[in-house]
Amino acid sequence: MQIVTYNINGVKARIETLLTWLREESPDVVAVQEIKSVDEGFPREAIEDLGYRVETHGQKSFNGVAILSKLPLEDVTRGLPGDDSDEQARWIEATVIGETAAVRLCALYLPNGNPAPGPKYDYKLAWMARLEQHAKQMLLEEMPLVMAGDYNIIPQDEDAARPQVWQKDALALPQSRAAFRRILDLGFTEAFRTRTFGGGHYSFWDYQAGAWQKNDGIRIDHFLLSPEAADLLTDCRIEAEARGKEKPSDHVPVWLTLDV
């Protein structure tokens, strides 16, 4: 089972980019972030024509997440538990039915949190605390669990080309990294780092100042795997070359392969 996390940075603005990529790469399942579309406005028919089931949790002009799957989906739920007043569309989960096992997939778009300190940073940390609690509950199910998405977290200095630039940014502040570590310490495996070590591996390059051409990137798109999912892991890689194609997102697809 190939699962991809992909922040598309506006599905309407980049629908042709997405469709071309789906035709060429044909992953089994895609966790999409920042669709920036209400559910009714999502261009589902063009994606369904390629053989994907489409489940969305959208919001006008901002945020929004989706799961695209060639495999059957069950028990789709929307919204991160823990705060009924939270109207931001940042979480969708579903059970993906593979050939030999089912995988619980969570597609998430974690808050950016800037400027920090401030209300947006408080929201980021509160959201991560809710994520920690929900993840703890999901682990009790003891089934393969994959939490995929744009975490807006630079886990370590080696995950940025210029770490000094990010020292006071919400993506790399000590409190942000500590919150991410607390989630990992529940028993999750950060998939990419089981296969690839060292610096120079990024999933986001800003549109400004020639960041892509200079390889001035950061790694903020992650897969967190429960022990049951980690046992099935065979590969995790970043499709960096997608950033150099026509009308790209500022993020690139990150691929996870499970033996399911």
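My aim in this report is to walk through the structure given alongside it, one point at a time. (Residues numbered from 1 in each chain as written. Predicted model: local features only at pLDDT ≥ 70, side-chain atom pairs only at ≥ 80, totals over all residues. Heavy atoms only, no water.)

### Side note on unusual backbone geometry
Consideration 1: The amide bond that connects N114 to the next residue, P115, takes the cis arrangement and shows omega of 0°.
Consideration 2: The residue P115 is located in the loop between β7 (102-109) and α3 (119-139) in this model.
Consideration 3: Note that the residue after A116, namely P117, is joined by a cis bond; omega there is 0°.
Consideration 4: The residue P117 is located in the loop between β7 and α3 in this model.
Consideration 5: Even without being glycine, N63 reaches a positive phi, approximately 50°.
Consideration 6: The topology assignment puts N63 in the loop between β3 (53-57) and β4 (65-69). (Helix = DSSP H or I, 4+ residues; strand = E, 2+ residues; numbered from the N terminus.)

### Quick notes on the packing of aromatic side chains
Two descriptors summarise a pair of aromatic rings, namely the distance from one centre to the other and the angle between the planes of the rings.
Consideration 1: Scanning the model with the defined rule gives five aromatic pairs in all.
Consideration 2: For the pair W21 and W255, a centre-to-centre distance of 6.0 Å together with 65° between the ring planes defines the contact as edge-to-face. Taken together, the residues W21 in helix α1 (residues 15-25) and W255 in strand β12 (residues 254-258) connect sequence positions 234 residues apart. Assigned by exposure class, W21 and W255 land together as buried.
Consideration 3: Ring geometry for W205 versus W212: centroids 4.9 Å apart, planes at 85°, classification edge-to-face. (Phe/Tyr/Trp six-rings, centres within 6.5 Å; stacked < 30°, edge-to-face > 60°. Buried < 20%, exposed > 50% of the residue type's maximum accessible area, 1.4 Å probe, protein only.)

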